[in-house]
Amino acid sequence: MSELKLVPSLIGDIYEAILDRSVWSGVFGNLAEFVGAQAGALLWKTYSRSTDDRSTEAVLTTGIKAPSLELYKERYAKLDPTTQPLLLRDVGEVASTTELVSYSEYVESRYYKEWVKPQGFVDSWHASLEKSATTSVHLIFWRKGKTGIESDATRDRMRLIVPHLRRAVQIGNLVDHGKAEAALFGDTLDGIAAGLFLVDANGRILHANASGHTLLARGVVLRAYGGKLVSNDAGAEQELYRVLDAVGGEQVVPGSDTVAVPLTSRQGEHYVAYVLPLTSGVRRRAGAGYAAAAAVFVQRALLNVPSPQDAIAKLYKLTPMELRVLFAIVQVGGVPEVAAMMGSSSSTIRTHLRRLFSKTGTDRQADLVKLVAGYTNPLLPNPRVFEHPHTIGGRGVPAPKLESSASDGRSGGVACV
């Protein structure tokens, strides 16, 4: 009971360390001693949704010295069988080794045989202080000899300190704020349904979100070759790289000019790649180094997008049948397929297609796909497609501008479809 009198002092030390990071090492050592452990670590772990890649950084440690610490971070943290089960537990919940994995499985693991046992550790206690889909802050204490195996006293004492360590992580600098922001950034990008690729001016992939990795894995419309983003359609790839060259040559306005490039999969499905330049003047004036020149958003052209039909029909004065043919072209492609889907003859579909070309100022089906994409693109800050030499039919014809009632020049309701 006398040791429990230390609790207020320990908690006070935790909050003092928030203001003075230099004392964290001593505070963390005292916390390990309080719970009856001989070693401990506060770990920042990152995961990849699309691969098995994991990385571990030790934020705080006690009782572990080099080279054991380096071996743990580089090799054995990935082999720790308690990591995945802990992610299934609630944040702040304290769990012992045998509550996360069977003891027989634990002692047979490489992690135990090659790293835990040689250091004399008998068991370990764990808690997640923070976690997301791709990151976690993992608190772990290891115990030796007579102090193991397991003890309710250790659980009770960890429960006393874990809430305060959680708050320290949230309001202090235990985990670098920039890393936390990067993790949030990664989670946000993974929540975007469209495939997203951050690329440099040469098309080299610097980052891909979860949907982007899925597109590359399928390989039906895009793939990675030599670290670069390439299309299965040679013509589309050439156009994509012309756009990236324009970005690198600062011939476009970052953040406002967006270029739509139509893509076709091996199965004939239509996709659209929106290229958003990122090389802003602010970044150049700040003298900051940067690699990402553009963000490339790739999504399939489908009929079940937020409806731009009314806007397109009014703007181009399309009949209901012409509108149906337009969106059928986007979905299934060729005249025979559209005719079969709509139960019409090919000659009838061709007649409507000629009228669509005439009314919209296009002359190819791919141009129609791009036209529709221009009205469903959520990235366009202005109600237009960037006037690029290859925007429509390679003739330098931009998509018509929509009228806006907004006094500040931003798009009105119809332009935001």
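All values derive from a computational prediction rather than experimental measurement.

The buried fraction of strand E6 (residues 195-199) is high, at five of five residues. Taken together, the five bridges between E6 and strand E12 (residues 294-300) define a ladder with antiparallel strand orientation. If you follow Gly-195 over to E12, its bridge partner there is Val-298. In this structure, the hairpin formed by E6 and strand E7 (residues 205-208) is closed by a connection of five residues, where Gly-203 is found at a positive phi of approximately 85°.

Strand order in the open sheet formed by five strands is E2-E1-E5-E4-E3, with antiparallel pairing between adjacent strands. The sheet terminates laterally at strand E2 (54-62) and strand E3 (95-96), the two strands that pair on one side only. Direction of pairing for strand E1 (residues 39-47) relative to strand E5 (residues 135-144): antiparallel, over a ladder of eight bridges. Bridging across to E5, Leu-43 finds its partner in His-138. In the packing of helix H3 (residues 68-76) onto the sheet, the strands contacted are E1, E2 and E5, and the crossing angle to E2 comes to about 150°.

Across soluble globular proteins, nonpolar side chains have a tendency to be buried as a group. Grouped together as the largest cluster of nonpolar side chains are 33 residues, with contacts concentrated most on Ile-312, Leu-318, Leu-326, Ile-349, Leu-353, Leu-356 and Val-372. Of all elements in the fold, only E6, strand E11 (270-277), E12, helix H13 (309-316), helix H14 (320-332), helix H15 (335-342), helix H16 (346-360) and helix H17 (365-376) reach the threshold of two or more residues within this core. Per element, the largest residue contribution to this core is seven residues, and it comes from H14. When near neighbours in sequence (up to four residues on either side) are disregarded, Leu-326 contacts Ile-312, Leu-318, Leu-356, Leu-368 and Val-372. Residues Val-7, Ile-14, Leu-31 and Ile-161 belong to the second largest nonpolar core, which totals 30 residues.

Residue pairs spaced three or four apart in an α-helix point in one direction, given the helix's 3.6 residues per turn. Leu-69, Tyr-72 and Tyr-76 are the residues of H3 that are buried. On an axial view of H3, the arc spanned by its buried residues comes to 105°, and they lie on one face. Tucked inside the fold, the buried residues of H3 contact E1, E2, helix H7 (110-116) and E5.

Before going further, it helps to spend a moment on the side chain of Thr-83. With respect to the helices and strands, the residue Thr-83 is situated in helix H4 (residues 83-87). On the basis of relative accessible area, Thr-83 is assigned to the buried category, the value being 3%. Sequence-distant contacts of Thr-83, defined by excluding residues within four places in its chain, comprise Lys-45, Tyr-47, Arg-54 and Ala-77.

Spatial ordering of the open sheet is given by E7-E6-E12-E11-E10, a layout of five strands whose pairing is antiparallel. In this open sheet, the two edge strands, each paired with only one partner strand, are E7 and strand E10 (259-264). Within this sheet the neighbouring strands show an average axis-to-axis angle of 25°, counted without direction. Here E10 runs beside E11; their pairing, made up of six bridges, is antiparallel. Across the sheet, residue Leu-263 finds its bridge partner in E11, namely Tyr-271.

If you check the backbone angles, Lys-317 has positive phi at about 55° while not being a glycine. Secondary-structure assignment places Lys-317 in the loop between H13 and H14. Look at Lys-317 and you get exposed, because its relative accessible area is 65%.

So, on to the packing of aromatic side chains. Per the counting criterion, the structure on display carries 11 aromatic pairs. Centre to centre, the rings of Tyr-111 and Trp-115 are 6.1 Å apart; their planes meet at 15°, and the pair counts as stacked. One end of the pair, Tyr-111, and the other, Trp-115, are both in helix H7, four residues apart, so they sit about a helical turn from each other. Here Tyr-111 matches Trp-115 in class, with each residue buried. Plain terms: the ring middles of Trp-115 and Phe-121 are 6.0 Å apart, the flat faces sit at 45° to each other, and that makes the pair tilted.

Enumeration over the complete set of coordinates arrives at 11 salt bridges. A salt bridge links Asp-200 to Arg-204; its shortest N-O distance comes to 3.1 Å. In this structure Asp-200 comes out as buried when scored by relative accessible area, which is 8%. Here Arg-204 falls in the partly exposed class, since its relative accessible area comes to 40%.

Analysis parameters
- Residues numbered from 1 in each chain as written.
- Predicted model: local features only at pLDDT ≥ 70, side-chain atom pairs only at ≥ 80, totals over all residues.
- Heavy atoms only, no water.
- Buried < 20%, exposed > 50% of the residue type's maximum accessible area, 1.4 Å probe, protein only.
- Helix = DSSP H or I, 4+ residues; strand = E, 2+ residues; numbered from the N terminus.
- Pairing = 2+ DSSP bridges.
- Contact = heavy atoms within 4.5 Å.
- Axes fitted to C-alpha atoms, helices over the stretch in contact; angles between N-to-C directions.
- Core = buried A, V, L, I, M, F, W, Y, C linked by side-chain atoms within 4.5 Å.
- Arc of directions from axis to C-beta.
- Phe/Tyr/Trp six-rings, centres within 6.5 Å; stacked < 30°, edge-to-face > 60°.
- Salt bridge = Lys/Arg side-chain N within 4 Å of Asp/Glu carboxyl O.

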